[in-house]
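Letter by letter, the chains look like this.
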Amino acid sequence: MSMRGAVSIVGAAETERLGKIPDQSAIELHAEAARRAIADAGLRLQDIDGVACAGESPVEVAEYLGITPHYLDGTHVGGSSFMLHVRHAAAAIAAGHCSTVLVTHGESGRSRVGMQPWAPAPQSMRGQFEVPYGVMGAPTTFPIGILRYMKEYGMTPEQLATVPVVQRQWAAMNPRAKLRDPITVEDVLASRVVAHPIHLLECCLVTDGGAAVVLTSSERAGVMDLPHDPVHLLGSGESSESAMISMMEDFTSSRAFRTAGERAFAEAGIRHADVDHLMIYDAFAHVPIYGLEDLGFVGKGEAPSFVEEGHTAPGGSLPLNTNGGGLAYTHTGMYGMFAIQESVRQLRGQAAAQVPDVNISVALGNGGMFMSAGVLVLGTPAALAA
Amino acid sequence: MTAKPVPQPTPNTEPYFEYAARGELRVPRCRACGLAFMYPRTACPSCASEDLEWLLCSGRATLHTYLINTRPAPGFEEDAPYAIAVVELEEGPRLMSNIVECPQTSEALVLDMDLEVVFDKHGDVAVPKFRPVGRTS
């Protein structure tokens, strides 16, 4: 049974504000994003019969909003969770478990209002085999493979620093991006070393914010009075590797990225040349490098040159992270939902830095430190008909 | 100063830490397929066999990859900046560790350099760490 195009994103929205929002708790960010996404779809709260989210429990989000769900998905595998929610929702809608699913994200990543502290239990595997060595959150673990990648493939510090430089070019065109001033490779390399070899400007933002999408069957989407085209889910994939980055099979490549990507591309029946627009979760500058290779857009070790040559920049052949990404747009902690939002905007022709003629957009979500992955291949009605 | 984090062994990992307390680095090895692996589990992650043994490792390893952390975790205030590393044991498995008795600089920490295990104590628990071999001191 093919899921290609069976389900569509009919509503998508972010919270009005992104950045520092100390007057809204995490659950309220979920709720605001939900209300806006439902309105974007021209639906009412009563139309929603499925709820999915991470961070908060879908029970809490459903109850907070006043929804009696027929479908709940609390898959919580980090920042990729929302790609998985979309994938699972498509299956549930196709199976008839529910008709209209709301996927929400809200995180008070900066202000920490209504959030739980980060602390693996000392008896967890991370508590036993990583925490004793002085790890404390993403900057102390996520970049650990970069030196290996540099040795294996000759990536230079300047090439790595080019990733945030290019994304800032996209962000400069986006009034909602947090960081919009142009930067140079020299600026990046002169910024504070957070964890050698990574510099401050190669690390994502830490912000507050929320976003949500609404999905329903493409059949129903076709008869809805939508103010915009539906965005069809052409293919999807998900996978995982290890909750401990030290257990990665290969420190220069994510098995989860590769596995999820292969599945998504196969289901969508597309080739890489068909992709007009790409989002790759960028918690740190090296993640898009890994993602470009692991999704197969370039060969192993070729991504640093590919970025350096401008292929992912404005005017390039493969526009990447066109909202500015986690490095320049926003990063609440579990950023994946914002990658989906930008894919939707590009496919609708509503993006701030709009790429011409986007018919197929791919969004790769990362969870944890290369722990999990979700890949969505999204398309316009024209792409579905092709 | 805060103490360094103390791992709390669980039934699957208890022998690893008990051996470490005796100065032995042992990792599980599957008798069925021969795979030595980390972290300790009660079945082989490759072939699912539960016929495992605790392989005594030589303690020799190489520096596979690392970063140098500047913002100390609790208990590491006096160590910062310090390397958080992944070492590859001679027997194959990799594990996270710290590199001790060595400047915590990119000049001193060279990928694939030879290392040997030493045991540190966090609370009552022995924690394997690694130091360069062939030091002049």
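Caption draft 1: Representation of the overall build of chain A within the structure. Counting its regular elements, chain A contains 14 helices and 11 strands. Against the compact-globule benchmark of 21 Å for 386 residues, chain A has a radius of gyration of 19 Å, which places it among compact chains. By principal-axis analysis of the C-alpha atoms, chain A measures approximately 55 × 45 × 40 Å. Residue burial in chain A is summarised as follows: out of 386 residues, 62% are buried. Taking all contacts inside chain A whose residues are at least 6 apart in sequence as the whole, residues at least 24 apart take part in 76%.

Caption draft 2: Expanded view of the overall build of chain B. When helices and strands are counted, chain B shows 1 helix and 7 strands. Listing each helix as α and each strand as β along chain B from the N terminus yields α-β-β-β-β-β-β-β. Relative to a compact globule of 137 residues, whose C-alpha radius of gyration would be 14 Å, chain B shows 16 Å and is just as compact. The principal-axis extent of the C-alpha atoms belonging to chain B is close to 45 × 30 × 25 Å. Burial analysis of chain B (137 residues in total) assigns 36% to the buried set.

Caption draft 3: Seen up close, unusual backbone geometry. The omega torsion across H196 of chain A and P197 of chain A is 10°, close enough to zero to call that bond cis. Within the chain, A48 of chain B stands out as a residue other than glycine whose phi angle is a positive 70°. With respect to the helices and strands, the residue A48 of chain B is situated in the loop between β1 (26-30) and β2 (52-56). Judged by local crowding, A48 of chain B falls into the exposed class, with 10 C-beta atoms found within 10 Å.

Caption draft 4: Local environment of the packing of helix α1 (residues 26-40) of chain A against helix α2 (residues 58-65) of chain A. Residues and elements named next belong to chain A. Where α1 contacts α2, the axes come no closer than 10 Å and their chain directions differ by 60°. As summarised for this structure, α1 and α2 are arranged oblique, according to the angle between their axes. α1 and α2 meet at a crossing whose hand is right-handed. Between α1 and α2, the residues in contact are I27, H30, A31 and A34 and E60, V61, Y64 and L65, respectively. Classifying every residue of the contact of α1 with α2 gives 6 nonpolar, 1 polar and 1 charged.

Caption draft 5: Spatial organisation of the interface of chain B and chain A. Residue-level contacts link 32 residues of chain B with 27 residues of chain A. Elements supplying a minimum of two residues to the side of chain B that touches chain A: β3 (60-69), β4 (82-89) and β5 (94-97) of chain B. With 6 residues, the top contributor of residues to the side of chain B that touches chain A is β3 of chain B. A class-by-class count of the residues in the side of chain B that touches chain A yields 18 nonpolar, 11 polar and 3 charged. Sheet topology note: the strand β5 (residues 193-196) of chain A/β3 of chain B ladder contains 2 bridges and is antiparallel.

Caption draft 6: Geometry of the packing of helix α9 (residues 255-268) of chain A against helix α10 (residues 286-294) of chain A. Residue and element names in this part refer to chain A. Put simply, α9 and α10 touch, their axes get as near as 9 Å, and they point 45° apart. Of the possible angle classes, the one that applies to α9 and α10 is oblique. The handedness of the crossing between α9 and α10 is right-handed. Counting all contacts with α9, which are made through F257, R258 and G261, the residues of α10 involved are Y290, G291 and D294. A class-by-class count of the residues in the contact of α9 with α10 yields 2 nonpolar, 2 polar and 2 charged.

Caption draft 7: Spatial organisation of the sheet that holds strand β4 (residues 100-108) of chain A. Residue and element names in this part refer to chain A. Read across the sheet, 9 strands follow the order β3-β2-β4-β7-β1-β8-β11-β10-β9 without closing on themselves; strand pairing throughout is mixed. At either end of the open sheet lies a strand with only one pairing partner, and these are β3 (71-73) and β9 (277-280). For this sheet the average axis-to-axis angle between neighbouring strands, irrespective of direction, equals 25°. Where strand β2 (residues 50-53) meets β3, 3 bridges bridge the pair, whose relative direction is parallel. In the sheet register, V51 faces β3, and the bridge partner there is L72. Seen against the sheet, α1 touches β1 (7-14), β2, β4 and β7 (208-217) and runs at an angle of roughly 140° to β4.

Caption draft 8: Here's a closer look at the environment of E116 of chain B. All names here are of chain B. With respect to the secondary-structure elements, E116 resides in strand β6 (residues 114-122). For E116, a count of 16 C-beta atoms within 10 Å translates into the label partly exposed. In this structure, the C-alpha to C-alpha distance between E116 and A126, residues 10 residues apart in sequence, is 15 Å. Contacts of E116, omitting those with residues within four sequence positions, involve G59, R60, F130, R131 and V133.

Caption draft 9: Region of the structure containing the environment of M125 of chain A. Residue and element names in this part refer to chain A. As for its position among the elements, M125 is in helix α4 (residues 125-129). Residue M125 is classed as buried on the basis of its 21 C-beta neighbours within 10 Å. In sequence terms M125 and P22 are 103 residues apart; their C-alpha atoms lie 34 Å from each other.

Caption draft 10: Fine view of the pairing of strand β11 (residues 372-379) of chain A. Residues and elements named next belong to chain A. Counting buried residues along β11, 8 of its 8 residues qualify, which places the element largely inside the surrounding structure. Here β11 shows two buried faces, one formed by S372, G374, L376 and L378 and the other by A373, V375, V377 and G379. Alignment of strand β8 (residues 231-240) against β11, held across 8 bridges, turns out to be antiparallel. By the bridge assignment for β11, L233 is matched with L378. The sheet contact formed by strand β10 (residues 360-367) and β11 spans 8 bridges and is antiparallel. Looking across to β11, one finds that L364 is bridged to V375. Adjacent in sequence and paired antiparallel, β10 and β11 are bridged by 4 residues, among which G368 carries a positive phi angle near 60°.

Caption draft 11: Region of interest: the pairing of β5 of chain B. All names here are of chain B. Side chains R94 and M96 project from β5 onto one buried face, and the interleaved L95 and S97 project onto a second face that is buried too. With 4 bridges connecting them, β4 and β5 associate as antiparallel partners. The partner of E88 across the bridge, within β5, is R94. Hairpin connection, β4 to β5: the antiparallel pair is bridged by 4 residues, and G92 has positive phi, about 115°.

Conventions and cut-offs
- Along every chain, residues carry numbers that run from 1 in the direction the sequence is written.
- Going through the entries in the order they are written, you letter the chains from A and number the ligands from 1.
- Note on the predicted model: pLDDT of at least 70 is required for a residue's local features to be given, and 80 or more for side-chain atom pairs to be given and counted; whole-chain, interface and lining totals, by contrast, use all residues.
- Helix and strand definitions here come from DSSP, where helices need a minimum of 4 consecutive H or I residues and strands a minimum of 2 consecutive E residues; each element is numbered from the N-terminal end.
- What the globule rule says is 2.2 Å times the number of residues to the power 0.38, and the radius of gyration is computed from C-alpha atoms.
- Counting other C-beta atoms within 10 Å of a residue's own tells you its class, since 20 or more makes it buried, 12 or fewer makes it exposed, and anything in between is partly exposed; those C-beta atoms are placed from the backbone.
- C-beta atoms are placed from the backbone for every residue, and two residues are taken to be in contact when these atoms lie within 7 Å.
- Helix axes are fitted only over the stretch in contact, all axes being lines through C-alpha atoms; the angle between N-to-C directions runs from 0 to 180 degrees.
- Any angle that is under 35 degrees is reported as roughly parallel, and any over 145 degrees as roughly antiparallel; angles of 65 to 115 degrees are reported as roughly perpendicular and all others as oblique.
- Left-handed is the label given to a crossing in which the near helix is rotated counterclockwise from the far helix by less than a right angle, and right-handed is the label when the rotation is clockwise.
- Polar here means any residue other than Ala, Val, Leu, Ile, Met, Phe, Trp, Tyr, Cys and Pro, which are nonpolar, and Asp, Glu, Lys and Arg, which are charged; Gly is therefore polar.
- Here, strands pair whenever DSSP counts at least two bridges between them.

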